[in-house]
There are 2 protein chains.
Amino acid sequence: MTGKREAKRQKLRDDLLQSAVQRIAADGLGKLRARDLATDVGCALGALYNVFADIDDLVLHVNSLTLQALGAKLSRAAQDGAVARPADQLVALSHAYLDFAIANPNSWAALFDHQMPEGAQVPEWHLNEHAVLFIHILEPLTVLMPNLSPEDGAMTARGLFSAVHGVVSLGLQHRFSAVPADNIRSMLTLLIGGFAKSAAA
Amino acid sequence: MTGKREAKRQKLRDDLLQSAVQRIAADGLGKLRARDLATDVGCALGALYNVFADIDDLVLHVNSLTLQALGAKLSRAAQDGAVARPADQLVALSHAYLDFAIANPNSWAALFDHQMPEGAQVPEWHLNEHAVLFIHILEPLTVLMPNLSPEDGAMTARGLFSAVHGVVSLGLQHRFSAVPADNIRSMLTLLIGGFAKSAAA
DNA sequence: AAAGGTTATTGAACGCCGTTCATATATTTG
DNA sequence: CAAATATATGAACGGCGTTCAATAACCTTT
């Protein structure tokens, strides 16, 4: 009867992760509390630090799940529009991104609101997971701009994502004043469609 | 010999504001501490709360100064390029925005990193100050797209700013990996120039 | 100029936070 | 079953923004 330690450890890890996922989705990253998580899963406060380095480590794993869900959504959009013209594919991707942000506002915001403490770096394994944000942009982009070097292609894909993210992010934020979703959608169409049109010419 | 109270009050307000400006510029919003500010200006910890509602109120006033400086920079860029074609004016504005962000990374980041506590709303006077972000975009945009209604024009100007902000923000962030400034500049030229080109057609 | 009323200043104390660590408990190994 | 090893516990720590009763400064009135 061996391996019971590891099993309990994994269960605790997973319980804490699920609790954090739900709390972030419900209340946002800013209201995540170590004591609430411990209460949720019925463990002592200190137990959290046996299975995660700290709260930031736990948040990284929540964000990892969010990125996977977002990646799946973008993959679906890319597949559905694979027969469309490159410009329309790019617009469809941006709309899918907007849809995800609207459907999962707190989890999505946590991806960008979270900051590593002090001098700590985001670990490599999590950095690489961000590729899902750019990867589907690359294919229609290279059709549109065949002369782009691989480096410039990656850079441009990243830039396009950044532009879309800016429009979605500031549009949904109540910072200035919230913009109706349809207006954000139109703006994405105008911006990305316009870019594609001029790039193709 | 009257008015000494108000004079001291104003001096304390201004000293705290200047201290906060410098600390945010030097260390970033995340490391701003009420106790550090009190030490800087040589007042008691509680004195801060006589002249500002709380730390967030103080940060709002710091951001107000930053927005004024940014507005001045954008105004200069708009005036310098007033004779250029609308597309080039828009690109010049985006480059000026990038330059400001690079020159004042922490103060600029504080504009967007700061979040009001709990249910508190950003006060009207500060909301209105954000107009400087969009105002200079509107003129070249209406030349470029004369058929835009005032509402759609404002919305599109805001969207363009959001896109530029996204490119600059994610580009400068060390989140994924920092992008060289010249690449960000090229991306802005490509994006905004492309948008303008297709809008004019 | 002195007294009385009003406002500002002070800093110890409060409540909340993430994190730690000696101690108690559970699991594995010999 | 006992010794060795790893985990679980929750009180305690240090740091944070904020409060508040007591003290000091200022203004007004006489």
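Visitor: Looking at this model, I keep getting lost on the interface of chain A and chain B. Mind explaining?
Guide: Interface extent is often summarised as the accessible area lost during association of the parts. Residue-level contacts link 38 residues of chain A with 38 residues of chain B. Summed over both sides, the interface of chain A with chain B buries roughly 3200 Å², with 65% coming from carbon and sulfur. Of all residues in chain A, the largest losses of buried area upon contact with chain B belong to Arg158, Arg175 and Phe176 of chain A, amounting jointly to 22% of the total for that side. Counting the contacts that link chain A with chain B gives two salt bridges. In this structure, the salt-bridge partner of Lys31 of chain A is Glu118 of chain B, at a minimum N-O distance of 3.1 Å. Remark: the boundary between chain A and chain B carries five residue pairs in polar contact (both at pLDDT 80 or more). When contributions to the side of chain A that touches chain B are tallied by element, the ones reaching two or more residues are helix 6 (105–113), helix 8 (132–144), helix 9 (150–172) and helix 10 (181–200) of chain A. Ranked by residues supplied to the side of chain A that touches chain B, first place goes to helix 9 of chain A with 13 residues. A per-class count over the side of chain A that touches chain B returns 19 nonpolar, 13 polar and six charged.

Visitor: What is the right way to look at the layout of surface pockets in this model?
Guide: Leftover empty space is mapped by rolling, across the atoms, a probe with the size of a water molecule. Residues and elements named next belong to chain A. Roughly 200 Å³ of volume is contained in the second largest pocket. Every residue lining the second largest pocket is listed: Lys8, Arg9, Lys11, Leu12, Asp15, Val41, Gly42, Cys43, Asn50 and Val51. Listed by contribution, the elements that provide at least two residues to the lining of the second largest pocket are helix 1 (4–27) and helix 3 (48–51). Broken down by element, the residue count for the lining of the second largest pocket peaks at five residues, all from helix 1.

Visitor: So what exactly am I meant to see when it comes to the relation of the copies chain A and chain B here?
Guide: Here the second copy of the chain follows from the first by a rotation about an axis and a shift along it. Mapping chain A onto chain B leaves a residual RMSD of 0.0 Å; the transformation is a rotation of 180° accompanied by 0.0 Å of translation along its axis. What we have between these two chains is a two-fold relation. Both copies contact each other with a shared surface, as 97% of the interface residues of chain A are interface residues in chain B too.

Visitor: Help me understand the protein's contact with DNA strand C, please; the structure alone is not making it clear to me.
Guide: Contacts to DNA strand C come from 23 residues, most closely from Lys4, Arg33, Arg35, Leu45 and Tyr49 of chain A. A distance of 2.8 Å separates a phosphate oxygen of DNA strand C from a polar atom in the side chain of Tyr49 of chain A. Take Ile55 of chain A: an N or O atom from its main chain is 3.1 Å from a phosphate oxygen of DNA strand C. Of all the elements in the fold, those that place two or more residues in the surface near DNA strand C are helix 1 and helix 2 (34–41) of chain A together with helix 1 (4–27) of chain B. Residues that form the surface near DNA strand C fall into these classes: ten nonpolar, five polar and eight charged.

Visitor: Teacher, can you tell me more about the domain arrangement of chain A here?
Guide: Residues and elements named next belong to chain A. You can read the domains of chain A as domain 1 (1–52) and domain 2 (54–200). Centre-to-centre, using C-alpha coordinates, domain 1 lies 29 Å away from domain 2. Both sides together, the interface formed by domain 1 and domain 2 hides about 1200 Å², and carbon and sulfur atoms give 80% of it. Inspection of the domain 1/domain 2 interface yields zero salt bridges.

Visitor: Where do I start with the packing of aromatic side chains in this structure?
Guide: In this description, a pair of aromatic rings is defined by centroid distance and the angle of the planes. Within the structure shown, the criterion is met by eight aromatic pairs over all chains. With a centroid separation of 6.2 Å and an interplanar angle of 65°, the aromatic rings of Trp108 of chain B and Phe112 of chain B are classed as edge-to-face. You can see Trp108 of chain B and its partner Phe112 of chain B sitting in helix 6 (residues 105–113), four residues apart, about one turn around the helix. Using a relative accessible area of 6% as the deciding quantity, one classes Trp108 of chain B as buried. Judged by relative accessible area, Phe112 of chain B falls into the buried class, the value being 14%. A network of ring pairs unites the aromatic residues Tyr97, Trp108, Phe112, Phe134 and Phe161 of chain A as a single cluster.

Visitor: Would you mind going over the side chain of His165 of chain B with me for this structure?
Guide: Topologically, His165 of chain B is positioned in helix 9 (residues 150–172). Among the residues examined, His165 of chain B registers a relative accessible area of 7% and is labelled buried. Leaving out residues up to four positions away in the same chain, His165 of chain B has contacts with Leu170 of chain A together with Tyr97, Trp108 and Phe112 of chain B.

Visitor: Help me understand the environment of Leu74 of chain B, please; the structure alone is not making it clear to me.
Guide: All names here are of chain B. Within the secondary structure, Leu74 sits in helix 4 (residues 55–80). Along the backbone, Leu74 and Ala92 are 18 residues apart, and their C-alpha atoms lie at a distance of 9.2 Å. If we ignore the near neighbours within four places in the chain, the residues touching Leu74 are Leu93, Ala96, Tyr97, Val132 and His136.

Visitor: How should the pattern of salt bridges be read in this particular structure?
Guide: Opposite charge on two side chains allows them to pair when their charged atoms are near. Residues and elements named next belong to chain B. Evaluation of the coordinates by the stated rule reveals twelve salt bridges over all chains. For Asp15, the salt bridge goes to Lys11, with nearest N and O atoms at 2.8 Å. One end of the pair, Asp15, and the other, Lys11, are both in helix 1, four residues apart, so they sit about a helical turn from each other. Overall, the relative accessible area of 26% leaves Asp15 in the partly exposed class. Overall, the relative accessible area of 52% leaves Lys11 in the exposed class.

Rules used in this analysis
Residues numbered from 1 in each chain as written. Chains lettered and ligands numbered in written order. Predicted model: local features only at pLDDT ≥ 70, side-chain atom pairs only at ≥ 80, totals over all residues. Heavy atoms only, no water. Contact = heavy atoms within 4.5 Å. Buried area = accessible area lost by both parts, 1.4 Å probe. Salt bridge = Lys/Arg side-chain N within 4 Å of Asp/Glu carboxyl O. Polar contact = N/O pair within 3.5 Å; in protein donor to acceptor, adjacent residues only side chain to side chain. Helix = DSSP H or I, 4+ residues; strand = E, 2+ residues; numbered from the N terminus. Nonpolar A, V, L, I, M, F, W, Y, C, P; charged D, E, K, R; others polar. 1 Å grid on protein atoms, 1.4 Å probe; cavity = no way out; pocket = protein on both sides within 12 Å on 5 of 7 lines; lining within 4 Å. Points joined across faces, edges and corners; volume = space filled by probe spheres on them. Least-squares fit on C-alpha atoms with pLDDT ≥ 70 in both. Near = heavy atom within 4 Å. Domains from an automatic or database assignment. Phe/Tyr/Trp six-rings, centres within 6.5 Å; stacked < 30°, edge-to-face > 60°. Buried < 20%, exposed > 50% of the residue type's maximum accessible area, 1.4 Å probe, protein only.

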